[in-house]
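Notes for the structure review
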Amino acid sequence: SQQGEEDPQALSIQEGENATMNCSYKTSINNLQWYRQNSGRGLVHLILIRSNEREKHSGRLRVTLDTSKKSSSLLITASRAADTASYFCATAFTGGFKTIFGAGTRLFVKA
Amino acid sequence: DTEVTQTPKHLVMGMTNKKSLKCEQHMGHRAMYWYKQKAKKPPELMFVYSYEKLSINESVPSRFSPECPNSSLLNLHLHALQPEDSALYLCASSQPRLAGGTSTDTQYFGPGTRLTVL
């Protein structure tokens, strides 16, 4: 199965609300990344958090990493309609190039 | 320039055709990737090239043949594909984090090639 599992699978919120997505993984990682994908297009890198970091911020994004629970969360604050997209976590392993993507969360922000 | 370009954007081919997908980046990245993505699924890693050498082949069928002619270009040659190979094919690049390249950070993705096999 996929290294990263995400929940929820789909999330629908009103503009201005916060959106939280969670990701779990199974083995030791070098870093964990979050990507956004608009429908049928390429992925855009949002934020990377290394295994020795616990929290990271970038604009309206906040990512946490709990290596003891092998989980991460992505919080988008004050969501906008333009945030509507699929969000994927991706785990990169120590000592290799292999990156495995989670199943993704489809976020829909209603204006 | 943080752009990865892919051509063509769309490709329709028959099962007996031979075609190629192309990917190009000018960020000086020495790792390049091919992913396959089916609708409503995450990208699945197919191949990784590191310093122009094939580093990872995720047991991809031989009807997919990757090629890395130089550090900026990555091709995926297609031959005798099946309808189930229809998908979005994504190229990405990254800079190996360690000299000699054994781990990776941010990947930059191209817009993808939408492939339909009839």
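Per chain, residues are indexed from 1 in the order of the written sequence. Written order decides the labels, with chains lettered from A and ligands numbered from 1. Per-residue local features are limited, in this predicted model, to residues with pLDDT of at least 70; the limit for side-chain atom pairs, both in listing and counting, is 80 or more; totals at the level of whole chains, interfaces and linings are taken over all residues. Each side-chain value is derived from all of the structure's non-hydrogen atoms; neither hydrogens nor water enter the calculation.

1. Some words on the overall build of chain A
The way it works is that DSSP assigns letters per residue, a run of H or I at least four long becomes a helix, a run of E at least two long becomes a strand, and they are numbered from the N terminus. On a plain count of helices and strands, chain A comes out with 0 helices and 11 strands. Taken from the N to the C terminus, the helices and strands of chain A come in the order β-β-β-β-β-β-β-β-β-β-β. For a compact globule of 111 residues, the expected C-alpha radius of gyration is about 13 Å, and chain A comes in at 13 Å, within 12% of that figure. Structurally, chain A occupies a C-alpha span of about 45 × 25 × 20 Å along its principal axes. In this analysis, two residues are considered to be in contact whenever any of their non-hydrogen atoms come within 4.5 Å of each other. Restricting the contact set of chain A to residue pairs at least 6 apart, pairs at least 24 apart contribute 54%. For every accessible area listed, the method is Shrake-Rupley and the probe measures 1.4 Å; residues are considered covered only by the protein chains on display. When the accessible surface of chain A is totalled, it reaches about 5,100 Å², and 46% of it is carbon and sulfur. Only four residue types enter the charge count, namely Lys and Arg as positive and Asp and Glu as negative; His and the chain termini do not. Charged groups are reduced to one reference atom each: NZ for lysine, CZ for arginine, CG for aspartic acid, CD for glutamic acid. When the 14 basic and 9 acidic side-chain charges of chain A are each reduced to a single mean position, those positions are 5 Å apart. In this setup the radius of gyration rests on C-alpha atoms only. A globule is expected at 2.2 Å times the number of residues raised to 0.38.

2. What about the overall build of chain B?
Within chain B, the secondary structure is distributed over 0 helices and 11 strands. Across chain B, helices and strands are ordered from the amino to the carboxyl terminus as β-β-β-β-β-β-β-β-β-β-β. Relative to its length of 118 residues, chain B is compact, with a C-alpha radius of gyration of 14 Å against a globular reference of 13 Å. Oriented by its inertia axes, the alpha-carbon framework of chain B measures out at about 45 × 25 × 25 Å. Burial classes: relative accessible area under 20% of the type maximum marks a residue as buried, over 50% as exposed, and values in between as partly exposed (1.4 Å probe, protein chains only). Residues classed as buried in chain B amount to 49% of the 118 residues present. Across chain B, the fraction of contacts at a sequence separation of at least 24, relative to all contacts at a separation of at least 6, is 56%. Carbon and sulfur atoms make up 51% of the accessible area of chain B, which amounts to about 5,600 Å² in all. Each charge class in chain B can be summarised by its mean position, and for the 13 positive and 10 negative side chains these summaries are 6 Å apart.

3. Some points on the interface of chain B and chain A
Between chain B and chain A, the contact holds 29 residues from the first and 24 residues from the second. For the chain B and chain A pair, buried surface summed over both sides reaches about 2,000 Å², with 56% attributable to carbon and sulfur atoms. Any Lys or Arg side-chain nitrogen found within 4 Å of a carboxyl oxygen on Asp or Glu counts as a salt bridge. There are 1 salt bridge connecting chain B and chain A. Put simply, Glu58(B) and Lys98(A) hold a salt bridge, and the shortest N to O gap is 2.8 Å. Defined in terms of a 1.4 Å probe, buried area is the accessible area two parts forfeit on being brought together, summed over both.

4. Considering the state of the cysteines
Residue and element names in this part refer to chain A. When two cysteine sulfur atoms are found within 2.5 Å, that pair is recorded as a disulfide. Scanning the entire structure with this criterion turns up 2 disulfides over all chains. A sulfur-sulfur distance of 2.0 Å marks the disulfide that ties Cys23 to Cys89. On the sign convention where negative is left-handed, the bridge of Cys23 and Cys89, at about 65° about the S-S bond, is right-handed. Of the two residues, Cys23 is situated in strand E3 (residues 19–24) and Cys89 in strand E9 (residues 85–92); the sequence distance between them amounts to 66 residues. Owing to a relative accessible area of 2%, Cys23 belongs among the buried residues under this scheme.

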